[in-house]
Amino acid sequence: ALASAVERAEAQRSLNALISLNPLAQEQAQQVAARVEAGESLPLAGVPVVIKDNLNLRGTATTCGSRMLQAYVSPYTATSVQRLLAAGAVVVGKANMDEFAMGSSTETSAFGPTLNPWDTVRVPGGTSGGSAVSVAAGFVPISLGSDTGGSVRQPAAFTGVYGFKPTYGRVSRYGLVAHASSLDQVGPFARSAADLALVMDVIAGHDPLDATSLDAPTGFRDALRAGLPERPLRVGVVTQALEGNTPGVLAALERMRAALAGLGAQVEEVSLPGTEYAVAAYYLISTPEASSNLARYDGMAYGARAAAGDVNASMAAARAAGFGPEVKRRILMGTYALSSGYYDAYYSKAMRVRQLISQEFASAFERFDVLVTPTSPFPAFRFGERSGDPLAMYAADVDTVAISLAGVPALSVPMGTETVDGVALPVGIQLIAPTLHDARLIMLAAALE
Ligand code: GLN
């Protein structure tokens, strides 16, 4: 299984989905074979997987798509990855990504962009573009990404696979390089609901090494076997997400409504007015957290040391050379929003909007079991179409970031295609559940298959 996954990845090298192949893969595969031989029953025995290059795997390079960490070798393994290995998975390689998971297109990687296999002049979405493409192009059945404001869901939508962002705290963040710690969550890509349930059972659950990880039962496969409840599901389509979509995205939303009605669901519309401010609040909360988290890349503790004058000059030189323009922009924006004199106007106000959005979701979930929106207002865009204009790029997150601010789980489900310039491009529709009701989304996805 490992050899053919590597062969598929090599054959489609031009997609630039992987930053590195795992030099320890052969060794891992042999260890799994020995454990199976010894009678162990492993849920992912020998299954090849790809992990985003911001997840640490001991003894491998973890670059975060940045020149800053080009030479960094992980001294330890992330809990989510450790759990995959314990379950018998073999890591084929580390996936390309936007630098430090900042972006929506996988165009900001220091190692070049990842191409969308559906149309190679288009982006795969971001920031987990390499993880999405590894599944969409058939290198591996399962991959891991990270989702701070949509980075699993949006690339899943752009490449026609499932992408799941669990409840905040559901999967340990230990060993995931931090972007915005109050929002970051590890999430899987897969081609079926059954595979999602399998990988979630392996990676979810409490971890003493992550103080924000939740101690709550998982049981995704059990939930899948039990199926949806007998009573009709109450589904709310979020009205704010009905505007600004391409015709193909609206058609996909209609197909989702019809499919849900076909399952006996009662589908209504619901207004969440606070979500109009989600993009602004998200960037005023994520950039301050990022500016704080990225302070460690100073060429001393982490990153390539720059020989230049005194300690301040050396740090400045390391950052100037190591970080790309989007990372620099975010550090400046975040530092500004946190600075005394501006804190109340920006960061503190954004935190109040976050609270409002969380409350709106909570009250909507008193009436609805599941909420629905498109994952993105448009399918995959062309390289360069948004990369020159940060605000146009941030606008691509309009459907995903409110969910991240609220911390609730959401699943992007592939819902057909939209033909653009004669090419069929995948469209994803997002299903959203209340906190810790992650399994409901996977059950629903299975019922819709
Ligand atoms: N596009 C969002 C951002 O750039 C989300 C990124 C992510 O989820 N890592 O911050």
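Please read these numbers as outputs of a predicted model, since none were measured by experiment. (Residues numbered from 1 in each chain as written. Predicted model: local features only at pLDDT ≥ 70, side-chain atom pairs only at ≥ 80, totals over all residues.)

Overview of the overall build of the protein chain
Next, step 1: Per the secondary structure count, the protein chain includes 15 helices and 11 strands.
Next, step 2: The C-alpha atoms of the protein chain give a radius of gyration of 21 Å, which matches the 22 Å a tight globule of 449 residues would have.
Next, step 3: Its C-alpha atoms give the protein chain principal-axis dimensions of roughly 70 × 65 × 50 Å.
Next, step 4: Counting all 449 residues of the protein chain, 56% fall into the buried class. (Helix = DSSP H or I, 4+ residues; strand = E, 2+ residues; numbered from the N terminus. Rg over C-alpha atoms; globule rule 2.2 N^0.38 Å. Buried ≥ 20, exposed ≤ 12 C-beta atoms within 10 Å, placed from the backbone.)

Digging into the nonpolar core
Next, step 1: Counting residues in hydrophobic clusters, the biggest one holds 132 residues, and the most contacted among them are V49, V92, Y162 and I442.
Next, step 2: When near neighbours in sequence (up to four residues on either side) are disregarded, V92 contacts L2, A5, V6, A9, L21, N22, A25, P48, V49, V50, F139 and V140. (Core = buried A, V, L, I, M, F, W, Y, C linked by C-beta atoms within 7 Å. Contact = placed C-beta atoms within 7 Å.)

So, helix α3 (residues 79–86)
Next, step 1: Along α3, 7 of the 8 residues are buried, which leaves the element largely enclosed by surrounding structure.
Next, step 2: Inspection of α3 places T79, S80, V81, Q82, R83, L84 and L85 among the buried residues, and these make up the whole buried set.
Next, step 3: One or two positions beyond α3, positive phi appears at G88, with a value near 105 degrees.

As for unusual backbone geometry
Next, step 1: Residue T127 is bonded to the preceding G126 through a cis peptide linkage, with omega at 15 degrees.
Next, step 2: Tracing the sequence through the fold places T127 in the loop between β3 (90–95) and α4 (129–136).
Next, step 3: Phi at T106 takes a positive value of approximately 55 degrees, unusual for a residue other than glycine.

Description of the UniProt feature "active site" (unreviewed entry) in the protein chain
Next, step 1: Here the UniProt-annotated "active site" (unreviewed entry) positions come out as K52 and S151. Their sequence span is 100 residues, while the largest C-alpha to C-alpha distance among them is just 10.9 Å; these annotated residues converge on one region.
Next, step 2: Structurally, K52 is set in strand β2 (residues 48–52).
Next, step 3: In this structure K52 comes out as buried when scored by C-beta crowding, with 34 C-beta atoms within 10 Å.
Next, step 4: Among residues more than four places away in sequence, those in contact with K52 are A95, M97, S128, G130, S131, L144, G145 and S146.
Next, step 5: The residue S151 is located in the loop between β4 (142–147) and α5 (153–159) in this model. (UniProt positions renumbered as here; feature names shortened; annotations may be inferred.)

Some details on the packing of helix α9 (residues 278–293) against helix α12 (residues 347–367)
Next, step 1: The geometry of α9 relative to α12 is characterised by a closest axis approach of 9 Å and an angle of 125 degrees between their N-to-C directions. Here α9 lies oblique to α12, going by the angle between them. Pair α9 / α12 crosses with left-handed handedness. In this structure, α9 uses A278, A281, L284, I285 and P288 to contact α12, whose residues at the interface are Y347, A350, M351, V353, R354 and I357.
Next, step 2: Class assignment of the residues belonging to the contact of α9 with α12 gives a composition of 10 nonpolar, no polar and 1 charged. (Axes fitted to C-alpha atoms, helices over the stretch in contact; angles between N-to-C directions. Parallel < 35°, antiparallel > 145°, perpendicular 65-115°, else oblique. Left-handed = near helix turned anticlockwise from the far one by under 90°. Nonpolar A, V, L, I, M, F, W, Y, C, P; charged D, E, K, R; others polar.)

Overview of the UniProt feature "domain: Amidase" (unreviewed entry) in the protein chain
Next, step 1: Here, the residues flagged by UniProt with the feature "domain: Amidase" (unreviewed entry) are residues 2–441.
Next, step 2: Overall, residues 2–441 shows 36% helix and 15% strand. The separation of its end C-alpha atoms is 30 Å.

As for the sheet that holds β2
Next, step 1: Taken in spatial order, the 11 strands make up an open sheet running β1-β3-β2-β4-β6-β5-β10-β11-β9-β7-β8, and their pairing is mixed. With partners counted over all chains shown, the strands left at the sheet margins are β1 (18–21) and β8 (266–270), one partner each. Taking the axes of each pair of neighbouring strands and ignoring which way they run, one obtains an average angle of 30 degrees across the sheet.
Next, step 2: Strands in contact with α4 are β1, β2, β3, β4, β5 (162–165) and β6 (185–190); relative to β4, the strand with the most contacts, it is inclined by about 155 degrees.
Next, step 3: Helix α6 (residues 193–203) rests against β4, β5 and β6 of the sheet, and its axis sits at about 150 degrees to β6. (Pairing = 2+ DSSP bridges.)

As for the confidence of the model for the protein chain
Next, step 1: In the predicted model, the protein chain carries a mean pLDDT of 96, and the fraction of residues at 70 or more is 100%.
Next, step 2: Our summary of model confidence lists the complex with pTM equal to 0.97 and ipTM equal to 0.97. (pLDDT = per-residue confidence, 0-100.)

Here's the deal with the pairing of β3
Next, step 1: Taking burial as the measure, the 6 residues of β3 include 6 buried ones, the bulk of the element.
Next, step 2: Examined bridge by bridge, β1 and β3 share 3 bridges and lie antiparallel to one another. Bridging from a neighbouring strand, L18 pairs with A95 of β3.
Next, step 3: With 5 bridges connecting them, β2 and β3 associate as parallel partners. Bridge assignment links I51 to a residue of β3, and that residue is K94.

Quick notes on the pairing of β5
Along a regular strand, successive side chains alternate from one face of the sheet to the other.
Next, step 1: In β5, alternate side chains face the same way, and those of Y162 and F164 on one face and G163 and K165 on the other are all buried.
Next, step 2: Judged from the 2 bridges that link them, β5 and β6 form a sheet pairing that is antiparallel. What sits directly across from G163, in β6, is F189.
Next, step 3: Two strands pair when backbone bridges link them, and β5 and strand β10 (residues 410–420) are joined in this way by 3 bridges, in the antiparallel orientation. From the neighbouring strand, F164 faces β10, where its bridge partner is L411.

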